[in-house]
2 protein chains.
Amino acid sequence: MHRCFEVTVLGTSSASPTKTRFPSSQLVRLEGDYFLIDCGEGTQHQLVRLGLRMQRIRYILITHLHGDHFYGLPGLISSMSLFGRTEKLTIVGPSALKNLLDTIISTTESRVTFEIEYIHTNPIKSETVLANRKWSVSTVPLKHRIPCTGFILREQGPELRLNASACEQLGVPVEWYEPLKWGDDWTREDGTVISNSVLTLPGNPNRSYAYISDTIYDENIVPHIQGCNLLYHEATFLHNLIERATETHHTTSKQAGQIAAKARVGKLMIGHFSSRYHQTDELLSEAKAEFDDCMLAEEGITVAV
Amino acid sequence: MHRCFEVTVLGTSSASPTKTRFPSSQLVRLEGDYFLIDCGEGTQHQLVRLGLRMQRIRYILITHLHGDHFYGLPGLISSMSLFGRTEKLTIVGPSALKNLLDTIISTTESRVTFEIEYIHTNPIKSETVLANRKWSVSTVPLKHRIPCTGFILREQGPELRLNASACEQLGVPVEWYEPLKWGDDWTREDGTVISNSVLTLPGNPNRSYAYISDTIYDENIVPHIQGCNLLYHEATFLHNLIERATETHHTTSKQAGQIAAKARVGKLMIGHFSSRYHQTDELLSEAKAEFDDCMLAEEGITVAV
């Protein structure tokens, strides 16, 4: 059975919101852990509207310090405190974020009821910023007007499952089950070795989700996101505005499709749409022409990775 | 004919938003000028949703630096710039606001395309902070956990209208029309004086709107808001939570009604409701028991002053 790994879209607008679109934010649920990626203005409202429990969020990943990606953070921290949070919150993002949040918190004389741990991203080098036995989070350096990183969330864990009848028949002790799922052979007490392949079956390969926003078209990211099951890529403009996209360090829908094709990802989801687009059909069809398995990010949808 | 003086409610929640309630913000239109009072997170989204033109806003009045009253300001300034604003914006609020906004703007490397003028409020003394021939804005010191002021917007102008037939019959020169509307008598060239009352009729008395949030119950504000046509008063809690209200420096719905009765205002509108109240009927009936002409603030409603 697949473990839980899903993305709920909270906001899909670029710099300015529209009647129906909120600025960037997504909630990722991975093996029982909740991650928020970006936190544009109104994110806490979206969480409440969609019935998602803000206190479950343990990690917040901020790509860069443009307002549409983090102006919801002070309000979210304030509400978490108001509702009595005590659990630590880990914020991963550009190094300037800590001072800015500290200044906001002290100016507003806010009481924060929990510890905030900051992990600084390096905008020029990919790094693993969080990891445990179940998953890892690594960064992808992006080319935007200010320091910016994308994020890749990967499952980590045994990709094999036990061949229950074989294990039983051969009398494998319970303490060997976990090593077997990780690929070890079984060494019996008498020293004989039983090959892992006899005792396991192909399981669930580890999945990965790449969140790429904001960036100019940049093929340097392809090796990082190669083969991801799901790629979210910004697609701020249609390709007829390629000059505007280049000038503002954004990507066109066509280019997002091209990146997905080069990286051979499983599925592409585009978002971060300019407020000039009331309809998004054309953005979708433009990306689809480059990479067919493409969908639009929309407020409230949940996508399995 | 009455001039335009109306209030559109953008947000009615207290500290944390609910599914249907946004944090504090109101748009006031007065004689062609647009004022925003408070600017909680999501205010720009509310303006867009309600089809209200953010670039028309010339003055922003901030009561105090709790996040639910100003966290929407950086995003609003950013969107105003993105859409090419050049007209000056005047922000009236606590003195710490300027430094905080400057820090946010510089950290995010935002380009602000227009001049921002700051006017600092004095939290311990009522002052007129803005005034012209048409209207004035003055402050009301409030008792909250941090420095806080309410605001009173008043029409200013001639309260008399010309008695057209009398003016014509007696041959009043055109240049006397304006002084007559302001109450002057007419001094003819030969030195004789014609009483104002012969030449004018009762016109439209100047109206006033008082915005009182956030504050503990405080009768000291009554002389300031005496006789206002419309009073917005916070009513965060029902009176059974009077202890919680006192402790957090907020007002109960009953107390808001009592203040309205003491100040003999024309109409009371209550808002700033705690997120614990899914239904607001009881908040309304509690205030109404003290002051009958009371209504609930609700997102999107427009009330004539």
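Calculation criteria
Residues numbered from 1 in each chain as written. Chains lettered and ligands numbered in written order. Predicted model: local features only at pLDDT ≥ 70, side-chain atom pairs only at ≥ 80, totals over all residues. Helix = DSSP H or I, 4+ residues; strand = E, 2+ residues; numbered from the N terminus. Rg over C-alpha atoms; globule rule 2.2 N^0.38 Å. Buried ≥ 20, exposed ≤ 12 C-beta atoms within 10 Å, placed from the backbone. Contact = placed C-beta atoms within 7 Å. Pairing = 2+ DSSP bridges. Least-squares fit on C-alpha atoms with pLDDT ≥ 70 in both. Axes fitted to C-alpha atoms, helices over the stretch in contact; angles between N-to-C directions. Parallel < 35°, antiparallel > 145°, perpendicular 65-115°, else oblique. Left-handed = near helix turned anticlockwise from the far one by under 90°. Nonpolar A, V, L, I, M, F, W, Y, C, P; charged D, E, K, R; others polar. pLDDT = per-residue confidence, 0-100. Core = buried A, V, L, I, M, F, W, Y, C linked by C-beta atoms within 7 Å.

Looking only at helices and strands, chain A features 11 helices and 18 strands. Against the 2.2 N^0.38 benchmark of 19 Å for 305 residues, chain A shows a C-alpha radius of gyration of 21 Å, consistent with a compact globule. Based on the C-alpha atoms only, the size of chain A along its principal axes is roughly 70 × 50 × 35 Å. Evaluated residue by residue, chain A yields a buried proportion of 46% over its 305 residues. Within chain A, contacts between residues separated by at least 24 positions form 65% of all contacts whose residues are at least 6 apart in sequence.

So, on to the pairing of strand β7 (residues 128-131) of chain A. Residues and elements named next belong to chain A. When β7 meets strand β8 (residues 135-141), the two strands line up antiparallel, connected through three bridges. Bridge pairing links Thr 128 to Ser 138 in β8. Where β7 hands over to β8, the hairpin turn is made up of three residues, counted between the paired strands.

At an RMSD of 0.2 Å, chain B and chain A line up after a rotation of 179° and a shift of 0.1 Å along the axis. What the rotation and shift describe, once combined, is the action of a two-fold rotation axis. No C-alpha of chain B approaches the rotation axis more nearly than that of B:Gly42, which lies at 2.6 Å. Both copies contact each other with a shared surface, as 100% of the interface residues of chain B are interface residues in chain A too.

All names here are of chain B. Spatially, the seven strands line up as an open sheet ordered β7-β8-β9-β14-β15-β16-β17, and their pairing is mixed. Looking along the sheet, the strands with just one partner apiece sit at the ends: β7 (128-131) and β17 (294-296). When strand polarity is set aside, the average angle formed by the axes of neighbouring strands in this sheet is 15°. Both strand β8 (residues 135-141) and strand β9 (residues 149-155) contribute to a ladder of seven bridges, which runs antiparallel. When the sheet's bridge partners are listed, Thr 139 is paired in β9 with Phe 151. Across the sheet, helix α9 (residues 253-263) touches β15 (230-234), β16 (267-271) and β17, and the angle it forms with β15 is around 150°. In the packing of helix α10 (residues 281-288) onto the sheet, the strands contacted are β16 and β17, and the crossing angle to β17 comes to about 165°.

Attention now goes to helix α10 (residues 253-263) of chain A. Residue and element names in this part refer to chain A. Counted residue by residue, α10 has nine buried out of 11 residues, so it is predominantly covered. Among the residues of α10, those classed as buried are Ser 253, Lys 254, Gln 255, Ala 256, Gly 257, Gln 258, Ile 259, Ala 260 and Ala 263. As for α10, its buried residues are in contact with α8 (222-225), β15 (230-234), β16 (267-271), α11 (281-288) and β17 (294-296). Looking one or two residues beyond α10, the residue adopting positive phi is Arg 264, at roughly 45°.

Turning our attention to the packing of helix α4 (residues 96-107) of chain A against helix α3 (residues 96-107) of chain B. At a closest axis distance of 11 Å, the pairing of α4(A) and α3(B) adopts a crossing angle of 165°. Judged by the angle between their axes, α4(A) and α3(B) are roughly antiparallel. Note that α4(A) runs across α3(B); the crossing there is left-handed. The segment α4(A) lies against α3(B), with A:Ala96, A:Leu100, A:Thr103, A:Ile104 and A:Thr107 engaging B:Ala96, B:Leu100, B:Thr103, B:Ile104 and B:Thr107. Taken together, the residues of the contact of α4(A) with α3(B) break down into six nonpolar, four polar and no charged.

The predicted coordinates should not be examined in detail at positions where pLDDT is low. Across chain A, the average pLDDT comes to 95, with 99% of residues at or above 70. Two numbers describe this predicted complex: its pTM, 0.90, and its ipTM, 0.89.

Turning our eyes to something else, we now look at the packing of α9(B) against α10(B). Residue and element names in this part refer to chain B. With their axes 7 Å apart at the nearest point, α9 and α10 run at an angle of 35° to one another. Helix-helix and strand crossings are classified by hand; for α9 and α10 the assignment is right-handed. Together, Ser 253, Lys 254, Ala 256 and Gly 257 of α9 and Leu 283, Glu 286, Ala 287 and Lys 288 of α10 make up the contact between the two elements.

Take the interface of chain B and chain A next. Listed per partner, the contact involves 31 residues of chain B and 31 residues of chain A. Counting residues per element, the ones that place at least two in the side of chain B that touches chain A are α1 (43-49), α2 (73-82) and α3 of chain B. Taken together, the residues of the side of chain B that touches chain A break down into 12 nonpolar, 15 polar and four charged.

Residue and element names in this part refer to chain B. Here seven strands make up an open sheet; going across it, the order is β6-β5-β4-β3-β2-β1-β18 and the pairing mixed. Every interior strand has two partners, whereas the edge strands, β6 (116-120) and β18 (302-304), have only one. Between one strand and the next, the sheet's axes are offset by a mean angle of 20°, whatever the strand orientation. Sheet topology places strand β1 (residues 5-11) next to strand β2 (residues 25-30); six bridges connect them, and they run antiparallel. Each residue of the ladder has a partner; that of Val 7, found in β2, is Val 28.

Attention now goes to α2(B). For α2(B), the buried fraction is high: eight of the 10 residues fall into the buried class. When we look at burial in α2(B), the residues that qualify are B:Leu73, B:Pro74, B:Gly75, B:Leu76, B:Ile77, B:Ser78, B:Ser79 and B:Met80. In this structure, the buried residues of α2(B) make contact with α2 (67-70) of chain A together with β3 (33-39), α1 and α3 of chain B. Looking one or two residues past α2(B), B:Gly84 carries a phi angle of roughly 80°, positive in sign.

Topologically, A:Glu282 is positioned in helix α11. For A:Glu282 and A:Leu238, which are 44 residues apart along the polypeptide, the C-alpha to C-alpha distance reads 7.7 Å.

This next bit is on the nonpolar core. Counting 142 residues, the largest nonpolar core has A:Leu231 and B:Leu231 as the members making the most contacts within it. Apart from the residues lying within four places of it in its own chain, the contact partners of A:Leu231 are A:Ala210, A:Ile212, A:Ile225, A:Ala260, A:Ala263, A:Val265 and A:Leu268.

Residues and elements named next belong to chain A. With respect to the helices and strands, the residue Met 269 is situated in strand β16. Each C-alpha atom, one on Met 269 and one on Phe 83, is 34 Å from the other, the two residues being 186 residues apart in sequence. In this structure Met 269 touches Leu 230, Tyr 232, Met 295, Ala 297 and Val 303, once residues within four positions along its chain are discounted.

Turning our eyes to something else, we now look at unusual backbone geometry. All names here are of chain A. The amide bond that connects Ser 213 to the next residue, Asp 214, takes the cis arrangement and shows omega of -5°. Position of Asp 214 among the secondary structure elements: in the loop between β14 (208-212) and α8. Unusually for a residue other than glycine, Glu 31 sits at a positive phi of about 55°. You will see that Glu 109, though not glycine, has its phi angle at about 50°, which is positive. Among the structural elements, Glu 109 can be located in the loop between α4 and β6 (116-120).

In this section: the environment of B:His120. Mapped onto the fold, B:His120 is located in strand β6. B:His120 sits 148 residues away from B:Leu268 along the chain, and the two C-alpha atoms are 28 Å apart.

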